[in-house]
Every structure is written in structure tokens, then in C-alpha cells.
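A closer look at the structure
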Amino acid sequence: MEQALERLIRRARQGDQEAFALLVGQYKDKVFRYAYGMLSDRMEAEDVAQEAFLKAYTSLAKLQQVYAFSSWLTQIASRLCYDRLQKRKREQPTDDDRLERIGGSEKGDPDLYLDIRQAMRALSPQHREAILLRDVEGYSYEEIAAMLEIPLGTVKSRIRNARLLLRQAIKLETEENHGEAYRG
Amino acid sequence: MGKHIEDKLSAYLDDALTTDERIDVEEHMDSCAACSEAFREYVAVRELVRTAFHSVKAPERLEEAVMEAIRPIPAAKPSKRFFYGLAACLLSLLMLLAVLFAIMAPYTTTLITVGYRVTDNLLQAAGHYVSSLPSAFIGLLAGAILLLTGSGLTLKALLNHSPLKEGPS
Ligand SMILES: [Zn+2]
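Residue indices follow the written sequence of each chain, beginning from 1 at its first position. As a convention, the first chain written is A and the first ligand written is 1, with the rest following in written order. In view of the model being predicted, local features appear only for residues whose pLDDT reaches at least 70, and side-chain atom pairs are presented and counted only at 80 or more, with totals across whole chains, interfaces and linings using the full set of residues. Each side-chain value is worked out from all heavy atoms of the structure, with water and hydrogens disregarded.

Glancing now at the overall build of chain A. Each helix is a run of H or I in the DSSP string that is no shorter than four residues. Each strand is a run of E no shorter than two, and both are numbered from the N terminus. Of the regular secondary structure elements, chain A holds nine helices and zero strands. Reading the helices (α) and strands (β) of chain A from amino to carboxyl end gives α-α-α-α-α-α-α-α-α. Across the 184 residues in chain A, those meeting the buried criterion constitute 50%. Calculation of accessible area relied on Shrake-Rupley with a 1.4 Å probe; when residues are assessed, cover is drawn exclusively from the protein chains displayed. Accessible surface computed for chain A: about 9500 Å², of which carbon and sulfur atoms make up 49%. The buried label applies to any residue whose accessible area, calculated with a 1.4 Å probe on protein chains only, is under 20% of its type's maximum; exposed applies above 50%, and partly exposed to all values in between.

Now the structure itself:
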């Protein structure tokens, strides 16, 4: 990790709010897109990102290795996302309703390619997470294993399965969307 | 050309194979259209997903919201106030328990006595005592309820005035 970043983290750990603000600026996109990938909902992703930073700020003293800040922050966000998904499951027994609602509310969002978004939603949270951590954020197998507290072998097979499923889902989505486009 | 190597493509993509395995995979792909096509798809999907998500940006207000939330923490003040409030509540609860104990103690003793010595005299005395209880009991119970309500209100008031909810001063 760069020296400057390490210094920033140390300063923030000593309660320097200015340093922490710089960290938020530096990591907000990363945390937000991870939460967005997990939850497929901008508002919820924003909430989670905010919560994650607050949690990080109050527990910075517990961070053992400064170089692992990024993993640590992602781990916090990951737990918050699973809490949300759990809550969602309790509140909405059928996932389909939820997907429909999100699909409707995000029509004006041109940022993310529709096919990818739909395909990601078709995966389980664990598989989505594997794709986000490995292919989007570029964490190593070892980093992911430490972050999720699972064996290295599980990380490898989870990533392999997630990629296989995503590839299939994208093929499916592409076909379906093309069909729709021609019809409408 | 050996058996298909599709299940090794993920590790190959991450450069996580041993040298021997990697050579196997590459040699197989040279002669197997299905596996090399699958590999091209994996690469394309990874690229697509990466591009798609890297175009996602956090809302501008996020940073501000986070800093707004951590700024007004006057470190010692809230915890001190909360601690005093908690202490006051615990004290009233303790007093309440003491009062209740005071009510119940003679009553229990009497009951035990009655249980062990079943004589006309004692029964009469107990009868007299019990008959005198209701008024005293009701009085003390009312006092206890008052105390409980009081401590409850104190707690509520303290929580409402928690400095966490106050704006930056
Ligand atoms: Zn093959």
C-alpha cells in the first residue's frame, strides 16, 4: 500500500476527522458499488455505505493491520449487506416482488448495463459477492478467504461456480432482452 | 487432446494454476474449439462486469452525510450524562426493591409461622394480622407504582435529551 494512504489511516485512527474525510472520499465509490452490486438498490446501497463508514470510524482502533484497511472496510460492508438481505427476506417472502419493484424504480439509471445487472441478480448473494470481490474489486483468493472467513478451497470453487452461473445468466439475459427489443 | 478443461478455466483466468496445469490447459485449448470459446466468454464476461460496476459512482452527498454524522461527537459529554442517568435509574430501582422487600418480609414470616404452628390462637392472630394487611399493602403498592413511574419517566426524559440527537452546537 502507498505510504500516503497508510499515513492517512494512522491519522484517522488517532481521531483526525480530516484524515477520515479523505479516506471516505477515496473509498466511497468502492464501498458503494459493492453494496449496490449486492443489493441492486441505490437507496439501500447508500444507506449501507454510510453505515459502513460510520462503523469503520468508531472501530478504527480495532483495525490490526493498517495495510488491510480496504479488506476490512469491505468486510464491514459485506456484513451489513447480508443483514439487509436477511431483513428483506423476512419482510418480503417472495423475491420476485422485490425484483419487479427494483426493476421499475431504476429505469432512469443508464449507468449500469441492464444485462449484467439482471444477470447478477439471478445469482445467490454468495456468488454475487464472489464476482464483486474477485472480478470487480480484484481481491486475491487469500484476501477474500480472510475477509469472508472461509477456507481458500471454498473461495476458489465459489468463484468458479459464480463465473459459470454468471456466464450462463448473461447469455440468457442477452437473448431475452434482444427478444423484447424486437417485440417492443 | 485429453479431456475438456472447462473447470480449470476459472483458475487459469486468475493465473492460479501450477505450471504443469497451465501448460495442459493451453495445449488443450489449442485443439479444442469448445474450451477455447468458453475461455473467451469468461474473459468477456469479466470485462463486462468490471466495466459495468466501475461506472457506478457513489452519490455526492454520501461523503458529506458521513462526516456530518461523525462531527458532533463531544466525546466525554454524552457518555457521562448517560452514565448518571443510568445510575439514577438503578438507584430508584434499588429503592423500589427495598420497599417491596419491606412489605413482603413480615407477610412471609407470618405465613411460615402459620404453616408451622397450627393453633387456634395463632390462627386468630394471623387472621387479625391479615385482615389489617390490605390497607397497608395497598398504600405501599401505590407508593411502589409511583416510584416505578417516576424512574421510567426519568429514563425517558434522559434518552430524549441525549446529546446525540442535538445538532452541532
Ligand atoms: Zn475442450
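Moving on from the coordinates now.
Moving on: the overall build of chain B. Assigned secondary structure in chain B consists of six helices and zero strands. Restricting to contacts in chain B with at least 6 residues of sequence separation, those with at least 24 account for 65%. Total accessible area on chain B stands at roughly 11600 Å², and carbon and sulfur atoms take up 66% of it. Here a residue-residue contact requires only that any non-hydrogen atoms of the pair lie within 4.5 Å.

So, on to a negative patch on the surface. Each patch is built from residues that are more than 30% exposed by relative accessible area and take part in no salt bridge. Like charges join if they lie within 9 Å; nonpolar side chains (Val, Leu, Ile, Met, Phe, Trp, Tyr) join within 5 Å. Think of a salt bridge as a Lys or Arg side-chain nitrogen and an Asp or Glu carboxyl oxygen that are within 4 Å of each other. Charged-residue counts in this description rest on Lys and Arg as positive and Asp and Glu as negative, His and the chain ends being excluded. Every charge is mapped to an atom, namely NZ of Lys, CZ of Arg, CG of Asp or CD of Glu. A contiguous patch of negative charge on the surface is contributed by D20, D24, E27 and D30 of chain B. Structurally, D20 of chain B can be placed in helix α2 (residues 19–31).

For any pair of aromatic rings, geometry is given as the distance between the ring centres together with the angle between the planes. In summary, the pairing rule links any two rings of Phe, Tyr or Trp, Trp by its six-membered ring, whose centres are within 6.5 Å, and it sorts them by plane angle into stacked for under 30 degrees, edge-to-face for over 60 and tilted for everything else. For the structure on display, the rule yields five aromatic pairs over all chains. Between F32 of chain A and Y36 of chain A the ring centres are 6.2 Å apart and the planes differ by 0°, which places this aromatic pair in the stacked class. Of this pair, F32 of chain A and Y36 of chain A both sit in helix α2 (residues 17–39), four residues apart, which is roughly one turn of the helix. A residue is classified by how much of its surface remains accessible, and Y36 of chain A, at 1% relative accessible area, is buried. Positioned above the aromatic ring of Y36 of chain A, the side-chain terminus of R42 of chain A is 5.2 Å from the ring centre. Stacked on the ring of Y42 of chain B, the Lys or Arg R167 of chain A has its end atom at 4.7 Å from the ring centre. Two limits define a charge over a ring: the Lys NZ or Arg CZ must be within 6 Å of the ring centre, and within 35 degrees of the ring normal.

This part takes up the pattern of salt bridges. Scanning all chains against the criterion turns up 19 salt bridges over all chains. The partner of R40 of chain B in a salt bridge is E37 of chain B, with the nearest N and O atoms 3.1 Å apart. Of this pair, R40 of chain B and E37 of chain B both sit in helix α3 (residues 33–54), three residues apart, which is roughly one turn of that helix. When salt bridges with common partners are traced through the structure, they connect E44, D47, E51, R84 and R88 of chain A into a single cluster.

Ideal values for angles at a metal depend on the geometry: 109.5 degrees with four tetrahedral donors, 90 or 180 degrees with six octahedral donors. Residue and element names in this part refer to chain B. Excluding water, the donors of a metal are its N, O and S neighbours within 2.8 Å, or within 3.2 Å for Na, K and Ca, and that exclusion means sites may look incomplete. Within the protein, the atoms that donate to the zinc ion are H4 (ND1), H28 (NE2), C32 (SG) and C35 (SG), at distances of 1.9 to 2.3 Å. Geometry is assigned from donor-metal-donor angles: four donors are tetrahedral when every angle falls between 85 and 135 degrees, four are square planar and six octahedral when opposite donors sit over 155 degrees apart with all other angles between 65 and 115, and any other arrangement is irregular. For the zinc ion, the four donor atoms in the first shell make angles of 99 to 117° at the metal, so the coordination geometry reads as tetrahedral. Each donor residue of the zinc ion lies on the same chain, and together they follow the pattern H-x23-H-x3-C-x2-C. Within this pair, whereas H4 is found in the segment before α1 (9–13), its partner C32 is found in the loop between α2 and α3, the two being separated by 28 residues in sequence. Under the relative-accessibility criterion, C32 is labelled buried at 3%.

To continue, consider the interface of chain B and chain A. Many structure descriptions define interface size as the accessible area lost when the parts assemble. If you look at the interface, chain B gives 34 residues, while chain A gives 37 residues. Summed over both partners, the interface of chain B with chain A comes to about 3500 Å²; 65% of that surface belongs to carbon and sulfur atoms. At the boundary of chain B and chain A, one finds seven salt bridges. Residues R167 of chain A and E41 of chain B are paired through a salt bridge, measuring 2.7 Å at the closest nitrogen-oxygen approach. Counted as a polar contact is a pair of N or O atoms within 3.5 Å, where, for protein atoms, one must be capable of donating a hydrogen and the other of accepting one, and residues adjacent in sequence contribute only when both atoms are in side chains. Between the two partners, chain B and chain A, sit 14 residue pairs in polar contact (both at pLDDT 80 or more). Contributions of two or more residues to the side of chain B that touches chain A are made by α1, α3 and α4 (61–70) of chain B. Here the side of chain B that touches chain A gets twelve residues from one element, more than from any other, and that element is α3 of chain B. Residues are grouped as follows: nonpolar covers Ala, Val, Leu, Ile, Met, Phe, Trp, Tyr, Cys and Pro; charged covers Asp, Glu, Lys and Arg; every other residue, Gly included, is treated as polar. Residue classes in the side of chain B that touches chain A are distributed as 19 nonpolar, four polar and eleven charged. Buried area: the accessible area, evaluated with a 1.4 Å probe, that two parts lose upon being put together, summed over both parts.

This next bit is on the packing of α2 of chain A against helix α4 (residues 69–91) of chain A. Residues and elements named next belong to chain A. Only C-alpha atoms enter the line fits that serve as axes; for helices the fit covers just the stretch in contact. Angles between N-to-C directions range over 0 to 180 degrees. One can describe the packing of α2 onto α4 by two numbers: an axis separation of 10 Å at closest approach and a directional angle of 35°. Crossing angle aside, the handedness with which α2 passes α4 is right-handed. Between α2, through L23, Y27, K30, V31, Y34, A35, M38 and L39, and α4, the contact on the second element is made entirely by F69, S70, L73, T74, A77, S78, C81, Y82, R84, L85 and R88. Rotating anticlockwise by less than a right angle from the far helix to the near helix defines a left-handed crossing, while the corresponding clockwise rotation defines a right-handed one.

Our focus in this paragraph is a nonpolar patch on the surface. All names here are of chain B. On the surface, a cluster of nonpolar side chains totalling about 360 Å² of accessible area is made up of L86, L90, L93 and L148. Considering each element in turn, the nonpolar patch owes the most residues, three residues, to helix α5 (residues 76–116). Locating L148 in the fold gives a position in helix α6 (residues 120–160). By relative accessible area, which is 47% here, L148 ends up partly exposed.

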